[in-house]
Amino acid sequence: MLPQLDQLKSEALAALENLSDETSLENFRVAYLGKKGSLTALSAGMRDVPPDQKKEVGAKLNEVREAITSGLTARQLALQSAKDAAAVQGIDVTLPGRPGFGTGSIHPLTTIRDLAVRTLRRMGFVLADGPEIETEWHCFDALNTPADHPARNESDTFYLADGRLLRTHTSSVQIRTMETVKQLPVRIIAPGAAYRRDEIDATHLSVFNQLEGLFVSENVSLGDLKGTLEFFFREIFGPQTVVRFRPHFFPFTEPSFEIDVKLEAKGKESRWIEIAGCGMVDPAVFAAVSKTRGDNLFDPEKVTGFAFGLGLDRLAMILHGITDIRHLIENDVRFLGQFA
Ligand code: DAH
């Protein structure tokens, strides 16, 4: 049997040399290694080999199967790499790719948020955060907003089944921060989403973006509020910008103001645009926070502070002359490409 095996091996390896396509290689595999292949047939002869020769013949069988199998694999690989080489012939793989899409750009809302945050950080404000799913306490009660205030109405606010709500403003971060800080002063800003059950139109979305600010210490004055925000809006709109504080009402500040900036457009009459709400933190807010904290860090007799809140979407619209707020969320590249 040994000479037969040697012969089969040399015959198979010689045959392999002439095979140059996948089908003939597969036929080869079936002819030699398949169930009815010649090597398989020879292996069956093992049972007639006398016991004293079994070891030698067995080893030979393995050697031949090994040689044929690896010969076949080598041939398959050679064939594949020849095919690959043919496929990339004439292609310079070191050439840089051709851009299929334009390069992306920063969303105008992100740009204005970053500018606002950077400007306020220069004045010592640090970033703060709070959850978008809020309790009534943090969104309303602690902010001195009575139970019958229209903002608390089901028709204005998204309530969850468990009584919590989607925050209607970022002012809740004022409470979250004051409830947890260890010392004064508190000087924070909190950009983030706010939710209202508004009818969606050119100036309203049910999800929009605000930026909240809070400064609490001893002896914080209305002068500090005015100086800080005038400086801020001149940084945003330019150094000539005229800012005015118009008395208003918010439950959580006293006194309260709305801030208008005077916008001058070439060839047009200048106009006042309402841009933010602000005021001196109402002592009732400090009292509410003190109740949760159980200490007197925010003793209403000792501390004072100012707060402000502005709409970032609105700010972006004014700065860029965007007339429909929905553009900001539609992700239309024809719109966004203008800010690249
Ligand atoms: N939370 C107010 C709103 O959403 C905006 C605001 C007004 C925030 C006055 C303040 C503030 O911090 O002092 O309309």
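Reading guide: rules and limits
Residues numbered from 1 in each chain as written. Predicted model: local features only at pLDDT ≥ 70, side-chain atom pairs only at ≥ 80, totals over all residues. Heavy atoms only, no water. Domains from an automatic or database assignment. Patch = residues over 30% accessible without salt bridge, like charges linked within 9 Å, V, L, I, M, F, W, Y side chains within 5 Å. Areas by Shrake-Rupley, 256 points an atom, 1.4 Å probe, with all protein chains shown as cover. Salt bridge = Lys/Arg side-chain N within 4 Å of Asp/Glu carboxyl O. Helix = DSSP H or I, 4+ residues; strand = E, 2+ residues; numbered from the N terminus. Buried < 20%, exposed > 50% of the residue type's maximum accessible area, 1.4 Å probe, protein only. Contact = heavy atoms within 4.5 Å. Near = heavy atom within 4 Å. Polar contact = N/O pair within 3.5 Å; in protein donor to acceptor, adjacent residues only side chain to side chain. Nonpolar A, V, L, I, M, F, W, Y, C, P; charged D, E, K, R; others polar.

### Regarding the domain arrangement of the protein chain
The figure often quoted for interface size is the accessible area lost as the parts come together.
Moving on, step 1. The domain architecture assigned to the protein chain consists of domain 1 (2-87) and domain 2 (109-339).
Moving on, step 2. One C-alpha centre belongs to domain 1, the other to domain 2; they are set 80 Å apart.

### Regarding a nonpolar patch on the surface
Moving on, step 1. Together, Val88, Ile91 and Val93 give the surface a local cluster of nonpolar side chains, amounting to about 300 Å² of exposed area.
Moving on, step 2. When you line up the elements, Ile91 lands in the loop between α4 (51-87) and α5 (108-122).
Moving on, step 3. Look at Ile91 and you get exposed, because its relative accessible area is 53%.

### Structural notes on the environment of Phe233
Moving on, step 1. Relative to the elements of secondary structure, Phe233 occurs in helix α8 (residues 222-237).
Moving on, step 2. Note: C-alpha distance between Phe233 and Val93 (140 residues apart in sequence) is 53 Å.
Moving on, step 3. Among all residues touching Phe233, those that are not within four sequence positions of it are Gly238, Thr241, Val243, Ile259, Val261, Ile275, Ala276 and Leu310.

### A short note on the site of the ligand
Moving on, step 1. Taken together, 15 residues sit near the ligand, with His169, Ser171, Arg196, Gln210 and Glu212 positioned nearest.
Moving on, step 2. At a separation of 2.6 Å, an oxygen atom of the ligand approaches a polar side-chain atom of Glu212.
Moving on, step 3. Put simply, the parts of the chain that give the shell around the ligand at least two residues each are β5 (207-217), β8 (271-281) and β9 (304-311).
Moving on, step 4. Considered class by class, the residues forming the shell around the ligand number five nonpolar, eight polar and two charged.

### What to know about the pattern of salt bridges
Moving on, step 1. Applying the stated rule across the entire model yields 18 salt bridges.
Moving on, step 2. If you follow the salt bridges from partner to partner, you end up with Asp6, Lys9, Lys60 and Glu63 in one network.

### Looking at unusual backbone geometry
Moving on, step 1. Between Leu184 and the following residue, Pro185, the backbone shows a cis peptide bond with an omega angle of 0°.
Moving on, step 2. Relative to the helices and strands, Pro185 is located in the loop between α7 (172-180) and β4 (186-195).
Moving on, step 3. A cis geometry characterises the amide bond from Glu254 onward to Pro255, with omega recorded as 0°.
Moving on, step 4. Even without being glycine, Asn144 reaches a positive phi, approximately 60°.
Moving on, step 5. With respect to the helices, strands and loops of the structure, Asn144 is situated in the loop between α6 (136-139) and β3 (165-166).
Moving on, step 6. We note that Asn219 has phi near 65°; this positive angle belongs to a residue other than glycine.
Moving on, step 7. If you trace the backbone, Asn219 turns up in the loop between β5 and α8.

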